[in-house]
Amino acid sequence: MSLAHGHPYLAIPGPSVMPERVLRAMHRGSPNIYEGPLVEMVAGLWPDLRAVAGTTAHVAAYIGNGHAGWEAANANLFSRGERALVLATGQFGLSWANHARQMGIEVEVLDFGRAAPADPGRLETALRADREGRIKAVLTTHVDTATTVRNDIPALRAAMDAAGHPALLAVDCIASLACDEYRMDDWGADVTVAASQKGLMTPPGLAFVWFSEAARLRCGEGDLATPYWRWGPRAEPAEFWQYWDGTAPTHHLYGLREALTMLVHEEGLAQAWARHEALARVVWAAFEAWGTGNPAIAMNVPRPEWRGRSVTAARLGAPDAARLRAWCERHAGVTLGIGLGAATPEDPKAEGALRVAHMGHVNAHMTLGVLAVMEAGLKALGIAHGDGALEAAAQVVADRA
Ligand SMILES: *Cc1c(COP(=O)(O)O)cnc(C)c1O
């Protein structure tokens, strides 16, 4: 029988779970976009957006998703033919590289595989080898959502400084912002990219690019900075419409206002990071226990300090991950994430990989609920697994309470 009727839980890494308050804030008629409450409200968004990224820098917002954020960063950082050094730790780093290449940017990729963070030593070596200073910017993900590898941004910055190379550092925080600790200014990032539908708990449709004064001065207006993507006018608009280069994303802005109020002014950013950290450890404890009874079950990233706090990628052996995902959705109303970029010649459809998101408006009861449903699925499907996963998960919650 199906026990799926009731509140469904979309445990995929974006779009994340949204608060009812965000949805209610969006439920209204069209506002005036020329003057009045919307225009006044939006002015107050920018300080909170800066706070979320840990910066006093500029922020430009776009109607678009994370890919639009990449394109905005690329368009402003580079001119055609200039060089990017991309640090890839999964599908999203490779996709950002691919986007840049298609825009006419020369791209060099350092690929660190799927289970370990970018090695600062290799970055330093690559920058030292660039004697003519052709590399204009280093592009990296903070957390790559496909592998759930988390990069050590301060260590990468330190490697760039050690090499004495002038390249700018641009960081994709789409999966991690408001989930994993991130401090743009303290960590020396020049550009940060994010989108609304993950840690920011708002529907997909807004992209953000924070950029330092150094980045603004160094980048000027290259031949890729086309009218819609050019960041300058959006960061310091003379008129309201210039924030968006046209009609404002009215309802998203009301939703974002509510989400930022919850994150920055009510829960507090440090507490939101701590919540994601704790919930990640709850999930990890369960996977560790399951793995003791079946060597095919393992998290993708072996070392906890290398893992993102908003999503966990794991293997169960093909096709058991696909079977478990289908079971959880059909019988219990929980949708787990697919194994993105995890296909291999032996497992071409990545049926041995899945991801559990613990991102956005999630708490202990939701996370324990997902794990209990997964445990039920493992039993129902006869997939071997170690005992004690739920006890271990509950213990992590108890220890943090
Ligand atoms: C989700 C995600 C993207 C892509 O965002 P879209 O909104 O799907 O375009 C890029 N990078 C990372 C790290 C992501 O998690």
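See the structure shown above.
Keep in mind that what you see is a predicted model, and the values were worked out from it rather than measured. (Residues numbered from 1 in each chain as written. Predicted model: local features only at pLDDT ≥ 70, side-chain atom pairs only at ≥ 80, totals over all residues. Heavy atoms only, no water.)

## Here's the deal with the sheet that holds strand S10 (residues 206–211)
Worth spelling out the cut-off: Between any two strands, pairing holds if DSSP finds at least two bridges. Strands are runs of DSSP state E lasting at least 2 residues, helices are runs of H or I lasting at least 4, and numbering of each runs from the N terminus. In this description, a line fitted to the C-alpha atoms serves as the axis of each element, helices being fitted only across the stretch in contact, and the angle between N-to-C directions of two axes falls anywhere from 0 to 180 degrees.
Sheet architecture is open: seven strands sit in the order S2-S10-S9-S8-S5-S3-S4, paired in mixed fashion. Either end of the sheet is taken by a strand with one partner, and the two such strands are strand S2 (58–63) and strand S4 (106–111). Averaged over all neighbouring strand pairs, the angle between strand axes comes to 20°, with direction disregarded. Bridge count between strand S9 (residues 191–195) and S10: five bridges; the pairing is antiparallel. Among the inter-strand pairings, alanine 195 is bridged to a residue of S10, identified as alanine 207.

## Quick notes on the pattern of salt bridges
Where charged atoms from two side chains of opposite charge come close, those side chains can pair. Worth spelling out the cut-off: For this analysis, a salt bridge means a side-chain nitrogen from Lys or Arg found within 4 Å of a carboxyl oxygen belonging to Asp or Glu.
What the rule picks out here adds up to 20 salt bridges. The partner of aspartate 180 in a salt bridge is arginine 150, with the nearest N and O atoms 2.9 Å apart. Of the two residues, aspartate 180 is situated in the loop between strand S8 (168–172) and helix H8 (184–187) and arginine 150 in strand S7 (residues 149–150); the sequence distance between them amounts to 30 residues. Ionic pairing is found between glutamate 181 and arginine 183, a salt bridge with its closest N-O pair at 2.7 Å.

## Observations regarding the site of the ligand
Threshold: For this description, a residue counts as near a given molecule or strand if any of its non-hydrogen atoms is within 4 Å of it. Any pair of nitrogen or oxygen atoms within 3.5 Å is treated as a polar contact; in protein, a donor-acceptor pairing is required on top of that, and neighbouring residues in sequence qualify only through side-chain atoms on both sides. Charged residues are taken to be Asp, Glu, Lys and Arg, nonpolar residues to be Ala, Val, Leu, Ile, Met, Phe, Trp, Tyr, Cys and Pro, and polar residues to be all remaining types, Gly included.
Residues in contact with the ligand, as listed here, are Asn65, Gly66, His67, Trp70, Phe92, Val143, Thr145, Asp172, Ile174, Ala175, Gln197 and Lys198. Between the ligand and asparagine 65, the relevant distance is 3.5 Å, taken from an oxygen atom to a side-chain nitrogen or oxygen of the residue. Between the ligand and the protein, one listed contact pairs an oxygen atom with a side-chain N or O atom of histidine 67 at 2.4 Å. Broken down by element, the shell around the ligand gets its largest block of residues, three residues, from helix H4 (residues 66–77). Split by residue class, the shell around the ligand holds five nonpolar, five polar and two charged.

## Focus on helix H6 (residues 120–129)
Spelled out, the test is: Note on classification: 1.4 Å probe, protein chains only; a residue is buried when its accessible area is under 20% of the maximum for its type, exposed when over 50%, partly exposed between these limits. Directions drawn from the helix axis to the C-beta atoms are what define this arc.
For H6, the set of buried residues is Leu123, Ala126 and Leu127. Buried positions in H6, seen along its axis, are confined to an arc of 95° and lie on one side of it. Of the residues in H6, the exposed ones pointing more than 90 degrees away from the buried face are Thr125 and Ala129. Backbone nitrogen of glycine 121 and a side-chain oxygen of the N-cap are separated by 2.8 Å at the start of H6; the cap is aspartate 119.

## So, the environment of leucine 10
For clarity, the cut-off: Whether two residues are in contact is decided by their heavy atoms, any of which lying within 4.5 Å being enough.
Here leucine 10 is to be found in strand S1 (residues 9–11). C-alpha separation for the pair leucine 10 and serine 212, spaced 202 residues apart in sequence, amounts to 35 Å. Apart from residues lying up to four places away in sequence, leucine 10 is in contact with Pro15, Val17 and Thr335.

## What to know about the pairing of strand S14 (residues 353–357)
Of all the five residues making up S14, five are buried; the element is thus mostly covered by neighbouring parts of the structure. Bridging between strand S12 (residues 311–315) and S14 involves five bridges; their strand directions are antiparallel. In the sheet register, threonine 312 faces S14, and the bridge partner there is valine 356. Two strands pair when backbone bridges link them, and strand S13 (residues 334–338) and S14 are joined in this way by two bridges, in the antiparallel orientation. From the neighbouring strand, glycine 337 faces S14, where its bridge partner is arginine 355.

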